[in-house]
Amino acid sequence: MKKINLRNVYPSIKADTWVEVNDEIAEEIHRFDKAENAYRLRTYRHQAYYSLDREDGIEHDVLFRLITPEEYYERKLTSQQLYEALCQLSEKSSRRIYAHFFLGMSKVQIAAAEQVDERAVRTSIERGLKQMSQFLKNM
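In the nomenclature of an unreviewed UniProt entry, the protein chain corresponds to RNA polymerase subunit sigma-24 from the organism Paenibacillus athensensis.

Okay, structure coming up:
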């Protein structure tokens, strides 16, 4: 059994508090301290002080921005209008537009899957987009 000072392990503890822990736990704490010191030395040597990960929530807020209820409603309404406009098209045009914009297929891939010329797919998508824009303007 080894004695460790909890003040060194937990920064929130202000007074010295000594506890006995297993040798395995003490060794693990020591190994973690060595790894942390090596990381600090590496960032110092390579001048890598530009990380947003300061544990104050900046990085999380930048990466995972929560949307407001108004934004959620607006997105839902927009997607409903988009699907309504897509349903107004012919089956062939809507299938091609869906494959190109939602599934990420290229026009050549769509043409190969349908065994038609690529120009036919391209013109069908262009006409379908024009019809959709007219439908959405009238909404």
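Undergrad: Before we move on, could you go through the overall build of the protein chain and cite the residues and values that matter?
TA: Tallying secondary structure elements over the protein chain gives seven helices and two strands in all. Reading the protein chain from its N end, one meets helices and strands in the order β-α-β-α-α-α-α-α-α. Split into buried and exposed, the 139 residues of the protein chain put 15% on the buried side. Partitioning the contacts of the protein chain with sequence separation of at least 6, the portion at a separation of at least 24 is 31%. When the accessible surface of the protein chain is split by element, carbon and sulfur atoms take 53% of a total near 11800 Å².

Undergrad: I'd love a proper account of a nonpolar patch on the surface, names of residues and values included.
TA: A contiguous nonpolar surface patch, about 810 Å² in accessible area, is contributed by L82, Y83, Y98, F101, F102, L103, L129, L136 and M139. Those elements giving two or more residues to the nonpolar patch turn out to be α4 (69–87), α5 (91–102) and α7 (118–138). Top element by residues in the nonpolar patch is α5. It accounts for three residues. Along the polypeptide, L136 turns up in helix α7.

Undergrad: Give a detailed account of the pattern of salt bridges, specifying residues and quantitative values.
TA: Under the definition given, this model contains eight salt bridges. E114 is paired through a salt bridge with R95; the nearest N and O atoms lie 3.2 Å apart. Taken together, the residues span a long stretch of sequence, with E114 in helix α6 (residues 107–114) and R95 in helix α5 at a distance of 19 residues. D117 is the partner of R119 in a salt bridge, and the nearest nitrogen-oxygen pair spans 2.9 Å. Here R119 falls in the exposed class, since its relative accessible area comes to 53%. For D117, a relative accessible area of 40% gives the class partly exposed. Counted as one network, the salt bridges with shared partners bring together E91, R95, R96 and E114.

Undergrad: Now, about the packing of α5 against α6: what can you tell me, with residues and values included?
TA: Here α5 crosses α6 at 135°, and the two axes come no closer than 9 Å. Judged by the inter-axis angle, α5 sits oblique to α6. Regarding α5 and α6, the two cross each other, and that crossing is right-handed. Taking contact as the criterion, the partners of R95, R96, A99 and H100 in α5 are, on α6, K107, I110 and E114. Considering only residue class, the contact of α5 with α6 consists of two nonpolar, one polar and four charged.

The rules we used
- Residues numbered from 1 in each chain as written.
- Predicted model: local features only at pLDDT ≥ 70, side-chain atom pairs only at ≥ 80, totals over all residues.
- Heavy atoms only, no water.
- Helix = DSSP H or I, 4+ residues; strand = E, 2+ residues; numbered from the N terminus.
- Buried < 20%, exposed > 50% of the residue type's maximum accessible area, 1.4 Å probe, protein only.
- Contact = heavy atoms within 4.5 Å.
- Areas by Shrake-Rupley, 256 points an atom, 1.4 Å probe, with all protein chains shown as cover.
- Patch = residues over 30% accessible without salt bridge, like charges linked within 9 Å, V, L, I, M, F, W, Y side chains within 5 Å.
- Salt bridge = Lys/Arg side-chain N within 4 Å of Asp/Glu carboxyl O.
- Axes fitted to C-alpha atoms, helices over the stretch in contact; angles between N-to-C directions.
- Parallel < 35°, antiparallel > 145°, perpendicular 65-115°, else oblique.
- Left-handed = near helix turned anticlockwise from the far one by under 90°.
- Nonpolar A, V, L, I, M, F, W, Y, C, P; charged D, E, K, R; others polar.

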